[in-house]
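For reference, the chains in residue letters:
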Protein chains: 2
Amino acid sequence: MNTSTETLARIRCHGGWLHRIRHHSSVLDCDMVFALFLPPAAENGDVPTLWWLSGLTCTDENFSSKAGAFRLAAKLGLAVICPDTSPRGTDLPGEHESYDFGSGAGFYVNATQAPWNAHYHMYDYVTKELPALVRALFPLSDAEAISGHSMGGHGALVCALRQPGRYASVSAFAPIAHPTGCPWGRKAFSGYLGDNEADWATYDACALIAEGRSKQPLFVDQGLADNFLAEQLMPDMLESVCQQHDHPLSLRRHEDYDHSYYFITSFIDDHLRYHARHLGLSPG
Amino acid sequence: MNTSTETLARIRCHGGWLHRIRHHSSVLDCDMVFALFLPPAAENGDVPTLWWLSGLTCTDENFSSKAGAFRLAAKLGLAVICPDTSPRGTDLPGEHESYDFGSGAGFYVNATQAPWNAHYHMYDYVTKELPALVRALFPLSDAEAISGHSMGGHGALVCALRQPGRYASVSAFAPIAHPTGCPWGRKAFSGYLGDNEADWATYDACALIAEGRSKQPLFVDQGLADNFLAEQLMPDMLESVCQQHDHPLSLRRHEDYDHSYYFITSFIDDHLRYHARHLGLSPG
């Protein structure tokens with residue numbers, strides 16, 4: 001594996017270090033940047049990892065700067081990795097024209113349709129290539145948990161449901177819970193995956209729950225003042241599918257909270273503690 | 001007093017509410033936006049206020065989105081007000097040309113020189129007009145503390161040192177401690193205050209300490225990997241003036257920390273607890 005990387009920044013934060021790293025991704029065939037927060041405990045040995053998958057329009061920086069997560073992650077001894085949300089530096093037809101498709105909107109799938117299939121393999125990037133790279137470079141154990149927001153909440157649920165046993169725990173903030181049934185998801189999946197909707201189901205949390213391959217508990221927070229609630233996120237559908245298929249779900253609905261990072265920062269500590277518990281860390 | 005205002009946003013955060021408010025400022029003769037975080041305790045009565053003065057290029061939004069302060073402020077029962085850093089919507093000659101003078105760089109002084117004296121009265125804005133406005137509109141007690149970063153750290157120190165007894169406590173992150181002796185300050189003060197350096201001293205923390213009007217303790221955090229440390233911030237000068245004039249100072253130097261919000265978020269809880277203690281709040 002080519003582990004040649006460039007450190008863009010190494011920033012002291014809460015006694016740990018926030019790294020911003022550029023590297024060449026083989027599966028995406030472009031250069032990518034990711035952020036990695038290493039807690040102080042990483043100076044004394046390998047630490048477990050929380051994957052954070054971000055939402056539409058985000059880069060590696062949104063969670064780092066706005067979530068307020070590193071205070072508790074430092075205390076818990078949890079590394080946090082924030083990948084970018086799509087291939088970058090490419091210039092496919094229409095790639096940069098809309099906020100919900102193309103750049104900033106990779107949807108954590110492996111595209112099968114031209115021209116997207118030349119680069120848009122975000123599922124393989126976040127589940128294979130990047131994990132191998134960061135473990136080769138940093139003191140990270142094999143233990144992983146995964147979370148994310150909106151498009152990244154969808155990504156977190158799908159990564160976990162497709163790979164039973166891989167992540168110690170999975171959670172999501174305001175996930176796109178049923179992408180094959182909402183405008184954002186249908187636009188993205190038809191573009192990346194083509195017209196056969198049967199292919200789409202392999203990246204749809206509700207469909208994967210119905211399929212029943214995994215029974216891993218899901219922990220989901222959803223704001224009730226979220227502008228995208230009914231049309232794009234569909235938590236009621238998630239809840240109903242979980243009930244129907246006896247899939248363990250803890251879905252918390254929060255009155256007045258919106259879709260922004262002010263919502264995420266309000267509840268991120270609960271998620272960090274949840275993952276720390278499943279990763280066997282002391283509660284901090 | 002004209003208290004006509006427009007609520008731009010009202011965002012649920014950590015059980016409290018973050019307000020973004022637009023209003024017409026008489027002392028600045030322009031429309032301004034500020035942010036106010038109200039903790040849950042504000043639902044049951046008046047709460048004390050922490051003023052946060054931001055640094056060069058900032059608006060009311062930087063601290064709100066990046067400091068991670070509202071978690072503990074909510075718990076402590078502390079309101080936080082973030083004013084903007086200069087008049088806005090004006091178009092004076094050269095006002096928007098540099099990051100360290102004019103818009104985004106009001107330096108919390110009352111300008112005496114044309115054309116700046118038509119609008120740039122940020123000292124009166126943050127110490128008089130805005131306090132009166134927010135107390136008229138929101139459940140805030142008279143109790144106040146003040147803090148800030150860089151140019152805003154300078155502002156916080158100067159507001160407190162010029163008004164003995166007003167603020168229960170004052171703190172700063174990486175303040176411009178001796179503006180009359182550094183390039184940022186000399187550029188700003190000569191533009192806003194003119195060529196008579198005697199006038200500058202009334203807005204210089206080190207000069208005010210030497211003058212001895214106030215003996216209020218100062219709590220200052222400074223990162224040692226801060227790019228602006230020696231040339232612009234001059235904490236050694238602050239320390240030496242405090243020693244010379246027997247002014248109480250707690251100056252913490254933090255190895256590896258830079259000038260960014262990653263530094264602020266790492267130590268903001270210490271500042272919030274410091275102010276809460278001086279404001280008589282329970283330690284949270």
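Residues numbered from 1 in each chain as written. Chains lettered and ligands numbered in written order. Predicted model: local features only at pLDDT ≥ 70, side-chain atom pairs only at ≥ 80, totals over all residues. Heavy atoms only, no water.

1. Quick look at the overall build of chain A
The following threshold applies: Helix numbering and strand numbering both begin at the N terminus, where a helix is a DSSP run of H or I of at least 4 residues and a strand a DSSP run of E of at least 2. A radius of gyration in this sense is built from C-alpha atoms; the matching globule rule multiplies 2.2 Å by the number of residues raised to 0.38. Note on classification: 1.4 Å probe, protein chains only; a residue is buried when its accessible area is under 20% of the maximum for its type, exposed when over 50%, partly exposed between these limits. The contact rule is simple, with two residues in contact once any of their heavy atoms fall within 4.5 Å. Every accessible area reported is derived by Shrake-Rupley at a probe size of 1.4 Å, with residue values counting cover from the shown protein chains alone.
If you tally the helices and strands in chain A, you get ten helices and nine strands. Its C-alpha radius of gyration of 18 Å places chain A within 12% of the 19 Å reference for a compact globule of 284 residues. Along the three orthogonal principal directions, the C-alpha set of chain A runs to about 50 × 40 × 35 Å. Classification of the 284 residues of chain A by burial places 62% in the buried group. Contacts in chain A between residues far apart in sequence, at least 24 positions, make up 72% of those at least 6 positions apart. Surface summary for chain A: the accessible area is close to 10100 Å², and the carbon and sulfur share equals 47%.

2. Structural notes on the packing of aromatic side chains
Here is the rule: Two aromatic rings from Phe, Tyr or Trp, using only the six-membered ring of Trp, form a pair when their centres are within 6.5 Å; if the ring planes differ by under 30 degrees the pair is stacked, by over 60 it is edge-to-face, and anything between is tilted.
Taken as a whole and assessed by the stated rule, the structure comprises 40 aromatic pairs over all chains. Ring centres of Phe37 of chain A and Phe70 of chain A lie 4.4 Å apart, and the angle between their planes is 5°; this geometry places the pair in the stacked category. Of this pair, Phe37 of chain A sits in strand 3 (residues 30-38) while Phe70 of chain A sits in helix 2 (residues 70-76); the two residues are 33 residues apart in sequence, bridging distant segments of the chain. Phe37 of chain A sits in the buried class, given a relative accessible area of 0%. Judged by centre distance (6.2 Å) and plane angle (80°), the ring pair of Phe107 of chain B and Phe189 of chain B falls under edge-to-face. Taken together, the positions of Phe107 of chain B in the loop between strand 5 (79-82) and helix 3 (122-137) and Phe189 of chain B in helix 5 (residues 183-193) put the pair 82 residues apart, joining distant regions of the chain.

3. Quick notes on the relation of the copies chain B and chain A
Put simply, the test is: Least squares is used to superpose the copies, and the fit set is the C-alpha atoms of residues whose pLDDT is at least 70 in both copies.
Of the transformation superimposing chain B on chain A, the axial component is 0.0 Å and the angular component is 180°, with the fit at an RMSD of 0.0 Å. Expressed as an axis order, the relation between the two copies is that of a two-fold axis. Taken as a fraction of all interface residues of chain B, those also at the interface in chain A reach 100%, which identifies the copy contact as same-surface.

4. What about the confidence of the model for chain A?
Residues shown with low pLDDT carry predicted positions that ought not to be read at fine detail. Put simply, the test is: Note: pLDDT gives the predictor's confidence per residue, expressed from 0 to 100.
Here chain A averages 97 in pLDDT, while 99% of its residues score no lower than 70. Predicted complex metrics record ipTM = 0.95 and pTM = 0.96.

5. What about the pairing of strand 3 (residues 30-38) of chain B?
How we decide: Should DSSP find at least two bridges between two strands, the strands are regarded as paired.
Counting buried positions along strand 3 of chain B gives eight out of nine residues, so the element sits mostly inside the fold. As consecutive antiparallel partners, strand 2 (residues 16-25) of chain B and strand 3 of chain B are separated by four residues, and within that stretch Asp29 of chain B has a phi angle of approximately 55°, a positive value.

6. Quick notes on the pattern of salt bridges
If the charged atoms of two oppositely charged side chains come close together, the side chains can form a pair. All names here are of chain A. Stated precisely, the cut-off is as follows: The term salt bridge refers to a pairing of a side-chain nitrogen on Lys or Arg with a carboxyl oxygen on Asp or Glu at a separation within 4 Å.
Under the counting rule described, the total for this entry stands at 34 salt bridges over all chains. Asp124 is paired through a salt bridge with Lys128; the nearest N and O atoms lie 3.5 Å apart. Placement of the pair is Asp124 and Lys128 together in helix 3 (residues 122-137), with a separation of four residues, close to one helical turn. Residue Glu211 pairs with Arg213 through a salt bridge whose shortest N-O separation is 3.3 Å. Classification of Glu211 as partly exposed rests on a relative accessible area of 49%. One network of salt bridges, with partners in common, ties together Arg135, Asp142, Glu144 and Arg166.

7. A few points about the interface of chain B and chain A
Interfaces are often described in size by the accessible area the parts lose on coming together. Rule in force here: By buried area we mean how much accessible surface two parts lose on assembly, using a 1.4 Å probe and totalling the loss over both. For the purposes of these results, a polar contact is taken to be a pair of N or O atoms within 3.5 Å, where, inside protein, one atom must be able to donate a hydrogen and its partner to accept one; residues adjacent in sequence count only when each atom of the pair is a side-chain atom.
On the side of chain A, 21 residues touch chain B, which itself brings 21 residues to the contact. Taken together, the two surfaces of chain B and chain A that pack against each other cover about 1800 Å², and 56% of this comes from carbon and sulfur. Where chain B meets chain A, there are two salt bridges. Between Arg12 of chain A and Asp256 of chain B there is a salt bridge; the shortest N-O distance is 3.5 Å. The tally of links between chain B and chain A comes to ten residue pairs in polar contact (both at pLDDT 80 or more). Broken down by secondary-structure element, the contributors of at least two residues to the side of chain B that touches chain A are strand 1 (5-13), strand 2, helix 1 (61-66), helix 2 (70-76) and helix 10 (261-278) of chain B. In terms of residue count, helix 10 of chain B provides more of the side of chain B that touches chain A than any other element does, four residues in total.

8. Re unusual backbone geometry
Residue Pro115 of chain A is reached from Ala114 of chain A by a cis peptide bond, and omega for that bond is 0°. Mapping Pro115 of chain A onto the fold places it in the loop between strand 5 (79-82) and helix 3. The phi torsion at Ala174 of chain B lies on the positive side, around 45°, for a residue other than glycine. Here Ala174 of chain B lies in the loop between strand 7 (170-173) and helix 5. Backbone geometry places Asp256 of chain B, a non-glycine residue, at a positive phi of 80°.

9. Regarding a positive patch on the surface
What counts is decided by this rule: Note on patches: the residues involved have over 30% relative accessible area and no salt bridge, like charges join within 9 Å, and the nonpolar side chains Val, Leu, Ile, Met, Phe, Trp and Tyr join within 5 Å. The positive count covers Lys and Arg only, the negative count covers Asp and Glu only, and His and the chain ends enter neither. To locate a charge, the coordinates of NZ of Lys, CZ of Arg, CG of Asp or CD of Glu are taken.
A cluster of basic residues, Lys75 and Arg273 of chain A together with Lys75 and Arg273 of chain B, forms a positive patch at the surface. Its location among the elements puts Lys75 of chain B in helix 2.

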